[in-house]
Amino acid sequence: MKRLLGLLLGSLLLATALPARAYTPPVLRVGFTPWENPKDLSQVVTPMVDLLSKATGMRVQPYVATDYAGVIKGMGAGKVDVAFLPPGGAILAEKTAHGKILLKSQTKGRSAYYSVIITLKDSHLKNLRDLKGQTFAFVDPASTSGGIYPRLLMLNNGLNPERDFKQVIYAGDHDSVVLAVLHGKVDAGATYANNPAGTDSHWMRKLSPDERARIRILAISKPIPTDTLTTRSDLDPHIVGAIRKTFLTLSATPAGQARIRSVYKVDGFMPVGPRDYDPVREAFTKVGLTIK
């Protein structure tokens, strides 16, 4: 009897230790989210699709969604295997879609960026508390710099974004937020900058010198870990390894960085540590977010 119990226990322990069967999709489906304008994005993903096809030896199908939630829900429904996601979207994918962060992006050697709340230079707004009763543009609820971190900034300064604004819009991409502020459609909005001064920022790249001069920073967040390359947690390790190797190799050369930059405005990708995104997880918890 003891021997039988020992064999049964050993079998149970072995079964527990065995990993779940890896998933090998017939077609690798890659999710792209609207970093800027989703229409423009759909026109520039072809080089990335070709790159991933060559790296994995598989047919690759792009999955371009109109918002972050679309890609995350696609991953949860088994329609997306790999996705380029902002930090908040990656954490949401962890929680709801069995996502796993594979790599993090870098720009000019930096692996952090900032959420920036902007307004017009001649606006009467002087601080975050002045936003009460005003109109405001977020990018997307799951956007880290355009959704989660600006909400955290507001909450930490006594402003409740759910009830203290006259009107809130979700513009869908950073372009639309900046233009909404510039043209006076909203009093302020949330976008990103790669440095605290805002000299390396979305509006500095997109606007003319005269237009840039009309934008003023109202508030800036703490550093945020950069965007991610996230996969399904059960994706075949050989496929994951091929994707990882390809992007790390590309990121090591100027030509490779240019290929990555043609799709996303980053210089490449780098390995990610297990606790690198803990600040985002904490912000996520404080703000709270669900996909509808």
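Quick note: structure is the one above.
About the thresholds
Residues numbered from 1 in each chain as written. Predicted model: local features only at pLDDT ≥ 70, side-chain atom pairs only at ≥ 80, totals over all residues. Heavy atoms only, no water. Salt bridge = Lys/Arg side-chain N within 4 Å of Asp/Glu carboxyl O. Helix = DSSP H or I, 4+ residues; strand = E, 2+ residues; numbered from the N terminus. Buried < 20%, exposed > 50% of the residue type's maximum accessible area, 1.4 Å probe, protein only. Contact = heavy atoms within 4.5 Å. Pairing = 2+ DSSP bridges. Axes fitted to C-alpha atoms, helices over the stretch in contact; angles between N-to-C directions. Polar contact = N/O pair within 3.5 Å; in protein donor to acceptor, adjacent residues only side chain to side chain. Core = buried A, V, L, I, M, F, W, Y, C linked by side-chain atoms within 4.5 Å.

(A) Region of interest: the pattern of salt bridges. One pass over the structure, following the stated rule, counts 13 salt bridges. Residue Asp81 is joined to Arg232 by a salt bridge in which the shortest nitrogen-to-oxygen separation is 3.9 Å. Taken together, the residues Asp81 in the loop between α4 (68-76) and β3 (82-85) and Arg232 in strand β11 (residues 228-232) connect sequence positions 151 residues apart. A single burial state applies to Asp81 and to Arg232, both of which are buried. A relative accessible area of 12% places Arg232 in the buried class.

(B) Quick peek at the side chain of Gln134. Mapping Gln134 onto the fold places it in the loop between β5 (112-120) and β6 (135-138). Judged by relative accessible area, Gln134 falls into the buried class, the value being 15%. Beyond its immediate sequence surroundings of up to four residues, Gln134 is in contact with His124, Leu125, Phe165, Lys166, Gln167 and Asp187.

(C) Representation of the sheet that holds strand β12 (residues 268-271). The strand order across the open sheet formed by 6 strands is β2-β1-β3-β11-β4-β12, and the pairing between neighbours is mixed. Both outer strands of the open sheet, β2 (60-64) and β12, are each paired with one neighbouring strand and no more. Within this sheet the neighbouring strands show an average axis-to-axis angle of 30 degrees, counted without direction. The sheet contact formed by strand β4 (residues 99-106) and β11 spans 5 bridges and is antiparallel. Considered in β11, the bridge of Lys104 is made with Thr228.

(D) Just the side chain of Thr191, in detail. Tracing the sequence through the fold places Thr191 in strand β8 (residues 188-193). Side-chain polar atoms of Thr191 contact the side chain of His174, separated by 3.0 Å. When near neighbours in sequence (up to four residues on either side) are disregarded, Thr191 contacts Tyr114, Ser115, Val116, Ile118, Ser145, His174, Val178, His202 and Trp203.

(E) Just the nonpolar core, in detail. Within the largest apolar cluster, 41 residues are counted, with the highest numbers of intra-cluster contacts made by Leu85, Ile118, Trp203 and Ile215. The set of elements that each furnish at least two residues to this core consists of α4, β3, α5 (87-96), β5, α6 (144-156), α7 (174-182), β8 and α12 (278-287). Setting aside residues up to four positions removed in sequence, Ile118 forms contacts with Val178, Val181, Asp187, Ala188, Gly189, Thr191, Trp203, Ile215, Arg216 and Leu218.

(F) Region of interest: α7. Most of α7 sits out of view: 7 of its 9 residues are buried. Measuring from the backbone nitrogen of Asp175 back to the side-chain oxygen at the start of α7 gives 3.2 Å, which picks out Asp173 as the cap. Following α7 by one or two positions, Gly184 adopts a phi angle in the positive range, close to 75 degrees.

(G) Region of interest: unusual backbone geometry. The backbone phi angle of His98 is positive, close to 55 degrees, even though this residue is not glycine. Among the secondary structure elements, His98 is positioned in the loop between α5 and β4. The class of His98 is exposed, set by a relative accessible area of 59%. Here Lys108, not a glycine, exhibits a phi torsion of approximately 50 degrees, which is positive. Note on placement: Lys108 falls in the loop between β4 and β5. Residue Lys108 is classed as exposed on the basis of its relative accessible area of 58%.

What is shown is where atoms sit, not what they do.
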